[in-house]
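Listed here are the chains, written in short residue letters.
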Amino acid sequence: MQTPADLPRRRAGGIGTRGRAGLIVLAVAFFLLLTSLRGIAGFWTDYLWFDSLGLSGVFTGVLGARIVLGALFTGIFFLILWLNLLIADRVAPRFRPAGPEEEVIERYYEIVGQRTGLVRAGVALLFALIVGVGVSGQWNTWILFTNARDFGVTDPQFGMDIGFYVFRLPFLTFLVDWAFASLVIIAIVVAAAHYLNGGIRVQGAAQRVTPQVKAHLSVLLGMLALVRAAGYFLARYELNFSTRGTVQGATYTDVNAQLPALFLLILISLAAFILFIVNIWRRGWVLPALAVGLWAFVALIVGGLYPAFVQRFQVEPSESSRERPFIERNIEATRVAMGLDNVRTRDFAADNQLDAADLIENEATVRNIRLWDPQVLIRSFKQLQEIRPYYNISDVNVDRYDIDGEITQVLVSARELDTAGVPQNSWEARQLAFTHGYGATLAPANAKTPTGRPNIIVGDVPVSDEAGIGLEQPGIYIGENLGGYVITQTDRAEIDFQTAEGETVLTEYEGADGVGIGSYTRRAAFALRFGDINPLISGNLRADSRILYIRDVRERVQAAAPFIQFDADPYPVLSGGEVRYVIDGYTTSNHYPYAQRADTTQVRRESGLNRDFNYVRNSVKAVVDAYEGTVNIYIIDPDDPVVAAYAAAFPELFSDIDDLPEGLDRHFRYPEDLFTVQTNMWGEYHVEDPDVFYNGNDAWDVAADPGTAGSAAATQEVDAQGRPIGPARDARIEPTYILTRLPGEDKEDFIILRPFVPTSGDDQQRLLTSFMVAKGDPGNYGELESFVMPRSALPDGPGIVAASIGADQEVSELETLLGTSGSRVLFGNLVVYPIEQSLLYVRPMYVEPVATQIPELRKVIVFFNGRVEVEDTLEQALINLFGDAPETQEEGPTIGSDSPDPVDPDAEVPALPATVAEMLAQAEAEFAEGQAALERGDLGAYQEHNDEGRRLLSEAIRAAREEESPTTTTTQEEAATA
């Protein structure tokens, strides 16, 4: 053996073992820092974004809830496991008995050595992090739990306030489940520790479990039994969400079989706890085995087989009578939870007694009958009003504005930035120069130009405003479908817009949005966040430069209020000289006792309501300034306990509706996604009698979509394996916004409407049973009304009306004739208008030239009392039907450099050919010349020939009708009695 003097000396300046270990630790730390930098940068810049909006409290509140939960549950688990491991070490036998396992255990102790305390802490910490950190994801449940409110309504089964189920039960259920899973893990780890300490032996003749170990494990198993008893106790309340019966909620079997079984399981769990504790002083494991066996037997027989027996042999043979009281509970709860408890049901005569005098009496309704389908108009807006390739019109929204002193239904779009269309593909151009969209486009829903195009009264660049709306700040920095970031206040001036003459107008952003990016630290952080080094190295940035990000309006409000579910369709409002986006917000829960799960059929995929819930309220309206970027969330339903809980947790996020900018509430509209859900549910839940509800003989379906330019595809139910069940069903007609005066009202309302037909699996029942409306104007916002048709004489529904229109000879001929020579015919929405006690259906017909892709409103089809009229204008079609009609807006004035010149009424009209055949021949010749002009690239000549061909075609059709009945005249009185 060498003496210390004989050992080689350490070289001076060398790195010892500890030094090398330190370098390794530093290298690992540096590597982890580098890989975490982007996450750190994202975290910091998220905070800066919230702080820039004055919402740092939301960020810190959510983060604080996450940290508290993660730290609290991690700490609790660590402490419990560490204490149990300490006990395991303390009760370990002084001498480990020899046996086949001893060799393995000896090696373990050779590795651990004297570091058993460190190993104990390390094991406890490892499992604590695994089990505890994930609890931070329960932050929303925790916030609701700690800010719980009472609903003031008790559930009919247990007499608990609804607030217990919505706010407290979800977190308590999670807590019990977490505790049970944690105790299982702790018991397994502790058993392993006892094995390593020699307290448990699975081989050999020695005592296999020492008394101390037996006592320790018995206590742990007893705690598991107690937690299981708590779980059964809470499971009683969970029965209120059962799906076993004919409706959701605790039904006959749940109350009379499952509930007693749960009480029995609670008693057995408590008995098992006692047996586990008694087992400490007894030899063997007979008592615990008896407890576990009894629990398993009761859980299987009483908790599973017995309820199934009751359901099959007691309930199903007489289901309607057994389930009657529970169906009553379900109907009442579902109506309240879905906001359908205050629906006003009104009779609608559908007497077809509408006459010209009624039309004139309802002049404002007639002049606002919508002739432009948003799915069609967006094509016109894109072609006529996008102006530049870096602008984008992504959506057309229905609203109403005061124009020339009259409330007018309009369609409006924002002209947003399309970064992909920026002509210069450079970072400087896309992030510094082209930073925003510009202005908006607005057209009355009932007006068209002489050439059939929309009569745009707000539009163009720079803004042309014939409506007198006064758009003083047209810059749109926040919009729909905007990603990435832009930087303002730089040495590179922003391009505001380009004039028709090609002059570039520059600007510099002066709004409130943006985060300062003047320091290199912040530049580096944003470079990491976006994976783009340019913010760090660009020489155009100044000390006062600001970066704008999270620019999509829906993404912005969702980030600001992650616990609110938002509508799929933000819409721009031109108010107060600015463009503001309004988006509806919902509070939801899936814990309203006895309420049916929402039917979300045809709710848009991106909607916050495309989820599982059985309670919903349109509790807030979010308003985002398109220029300033500010986010304001106004509470419009202060009676909603859920939004009250969130307001208590985040008071700086919510504003009172009294603080709303003046006039903005006149542009609120009832949200389409919510109305879709409510009408889906109302078809079944308009029935109050439990027997009628059970039989389903008075159930309604939303009417099938009769087919439009943007109609949805048919739907097909599938089973759990994705296999089709039953016949495919047509998509339902979408809700429609209209401005109309409802029967019995003294003024027009901006409403949303959806019609119903009798329920049928094959969609063969198409008579109209009812239509439901929701009002959107101030003073009566949110009022729901259901107009019910006379049961003995149901009128035609949309499907029948659409079929009648399609079978009409004139419509068929027009579709064939107009869809020639490089054009195609598009049909718009079939919209039903309730006027007095009659139903008037209107459907526009468009012609879209393939070359221009600008749909033109060519014909208007009106259906009333079995008659179909097709004319160039709505007014003329109504005159044909009723003998007289109010003036409409269809030939209104035009604006803009691209609009055609007004028609001179005194100009000489060219003579028409004498016969219909000659007219058709000349029309065909005009279309041929137009096609030739198109092939030459002469779009102006193409348009002239195409317009003349259509004029000749229209006159030919009119002349053909007159030849069929040359002496027929219809007076106003005759039309009224037709």
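A brief structural summary. For every chain, the first residue of the written sequence is number 1, and numbering continues from 1 along that sequence. It should be noted that, the model being predicted, local features are given only for residues of pLDDT at least 70 and side-chain atom pairs only at 80 or more, the latter also being counted only at that level, while totals for whole chains, interfaces and linings use all residues. Remark: hydrogens and water are excluded; side-chain values derive from all non-hydrogen atoms of the structure.

Comment: elements are numbered from the N terminus, with helices defined as DSSP H or I runs of at least four residues and strands as E runs of at least two. Secondary structure assignment for the chain yields 26 helices and 31 strands. Partitioning the contacts of the chain with sequence separation of at least 6, the portion at a separation of at least 24 is 69%. Any two residues having at least one pair of non-hydrogen atoms within 4.5 Å are treated as being in contact.

Neither face of strand S11 (residues 485-488) is exposed, since Tyr485 and Ile487 on one face and Val486 and Thr488 on the opposite face are all buried. With 4 bridges joining them, S11 and strand S15 (residues 546-549) adopt antiparallel strand pairing. Residue pairing in the sheet places Val486 in a bridge with Leu548 of S15. To sort residues, take the accessible area from a 1.4 Å probe on protein chains only and compare it with the maximum for the residue type: under 20% means buried, over 50% means exposed, and anything in between is partly exposed. We treat two strands as partners when DSSP finds at least two bridges between them.

For helix H13 (residues 374-385), the set of buried residues is Pro374, Val376, Leu377, Ile378, Ser380, Phe381, Leu384 and Gln385. As used in this structure description, the phrase polar contact means that two N or O atoms lie within 3.5 Å; if the pair is within protein, one of them must be able to donate a hydrogen and the other to accept it, and residues adjacent in sequence are counted only when both atoms belong to side chains. The distance from a side-chain oxygen at the start of H13 to the backbone nitrogen of Gln375 is 2.9 Å, and the residue carrying that oxygen is Asp373. Trailing H13 by a residue or two, Ile387 shows a phi angle of about 65°, which is positive.

For the rest of this paragraph, the subject is the packing of helix H5 (residues 139-146) against helix H18 (residues 641-649). For helices, the axis comes from a line fit to the C-alpha atoms of the stretch in contact; other axes are also lines fit to C-alpha atoms, and the angle between any two N-to-C directions lies between 0 and 180 degrees. Two elements in contact, H5 and H18, have axes separated by 9 Å at closest approach and are oriented at 95°. The angle between H5 and H18 falls in the class roughly perpendicular. Along the contact surface, H5 presents Asn140, Ile143 and Leu144, while H18 presents Val642, Ala645, Tyr646 and Ala649. For this classification, the nonpolar set comprises Ala, Val, Leu, Ile, Met, Phe, Trp, Tyr, Cys and Pro, the charged set comprises Asp, Glu, Lys and Arg, and every other residue, Gly included, is treated as polar. Of the residues in the contact of H5 with H18, the class split is 6 nonpolar, 1 polar and no charged. Working definition: roughly parallel below 35 degrees, roughly antiparallel above 145 degrees, roughly perpendicular at 65 to 115 degrees, and oblique for all remaining angles.

Our focus in this paragraph is unusual backbone geometry. Cis geometry is adopted by the peptide bond preceding Pro462, which originates at Val461 and carries an omega value of -5°. With respect to the element layout, Pro462 can be found in the loop between strand S8 (458-459) and strand S9 (464-465). Although it is not a glycine, Asp404 sits at a positive phi angle of roughly 55°. In the Ramachandran plot, Gln489 falls in the positive-phi region, its phi being about 55° despite a non-glycine side chain. Of note, Gln489 is situated in the loop between S11 and strand S12 (494-498).

With 6 of 6 residues buried, strand S25 (residues 770-775) is to be regarded as a mostly interior element. Of the two faces of S25, the one carrying Ser770, Met772 and Ala774 and the one carrying Phe771, Val773 and Lys775 are both buried. Here strand S24 (residues 749-758) pairs with S25 via 6 bridges, running antiparallel. Residue Phe756 lies in a different strand from S25, and its bridge partner there is Ser770. In this structure, S25 lies alongside strand S26 (residues 784-788), joined through 5 bridges in antiparallel fashion. Its bridge partner lying in S26, Met772 is registered against Ser786.

What follows is about the sheet that holds S15. If you trace the 3 strands from one edge of the open sheet to the other, you get S11-S15-S14, paired in antiparallel fashion. With one partner strand each, in any of the chains shown, S11 and strand S14 (515-516) form the two edges of the open sheet. Note: S14 against S15, 2 bridges, orientation antiparallel. Residue Gly516 lies in a different strand from S15, and its bridge partner there is Arg546.

Let us look at the packing of aromatic side chains. When the centres of two rings from Phe, Tyr and Trp lie within 6.5 Å, Trp using its six-membered ring, the rings pair. Their planes under 30 degrees apart give stacked, over 60 give edge-to-face, and anything left gives tilted. The full count for this structure, using the stated rule, is 46 aromatic pairs. An angle of 35° between the planes, with centres 4.9 Å apart, marks the rings of Phe145 and Phe171 as tilted. One end of the pair, Phe145, is in helix H5; the other, Phe171, is in helix H6 (residues 162-197), and 26 residues separate them in sequence. A relative accessible area of 26% places Phe145 in the partly exposed class. An aromatic cluster of three or more residues is present, and its members are Phe73, Phe77, Trp142, Phe145, Phe171, Phe174 and Trp178. Sitting over the face of the ring of Phe313, Arg312 holds its NZ or CZ atom 5.5 Å from the ring centroid. Criterion for a charge above a ring: Lys NZ or Arg CZ within 6 Å of the ring centre, and within 35 degrees of the ring normal. In this arrangement the basic side chain of Arg523 is found over the ring face of Tyr520, its NZ or CZ atom lying 4.9 Å from the centre.

On to the pattern of salt bridges, then. Salt bridge criterion: a side-chain nitrogen from Lys or Arg within 4 Å of a carboxyl oxygen from Asp or Glu. Tallied over the full model, the rule gives 38 salt bridges. Between Asp691 and Arg324 there is a salt bridge, and its shortest N-O distance comes to 2.7 Å. Of this pair, Asp691 sits in helix H20 (residues 690-695) while Arg324 sits in helix H10 (residues 319-337), and the two are 367 residues apart along the sequence. Judged by its relative accessible area of 29%, Arg324 is partly exposed. For Arg346, the salt bridge is made with Glu745, and the minimal N-O distance between the two is 3.6 Å. Residue Arg346 is located in strand S1 (residues 344-347), and its partner Glu745 is located in the loop between strand S23 (736-740) and S24; the two are separated by 399 residues in the primary sequence. Because the salt bridges share partners, they merge into one network encompassing Arg344, Arg346, Glu745, Lys775, Glu783 and Glu785.

Next up on the list: H10. Every helix has an expected span of 1.5 Å times one less than the residues it contains. With 19 residues, H10 extends 25 Å from end C-alpha to end C-alpha; this agrees with the ideal 27 Å at 1.5 Å per step. By definition, a residue's bend is the angle between the axes fitted to the seven residues ending there and the seven starting there. At Pro325, H10 shows its largest kink, close to 50°. Residues of H10 that are buried: Glu319, Glu323, Phe326, Ile327, Asn330, Ile331, Ala333, Thr334, Arg335 and Ala337. Its buried side turned inward, H10 meets helix H8 (252-278), helix H9 (286-315), strand S19 (615-625), helix H19 (672-685) and H20. Positive phi shows up at Gly339, right after H10, with a value of about 70°.

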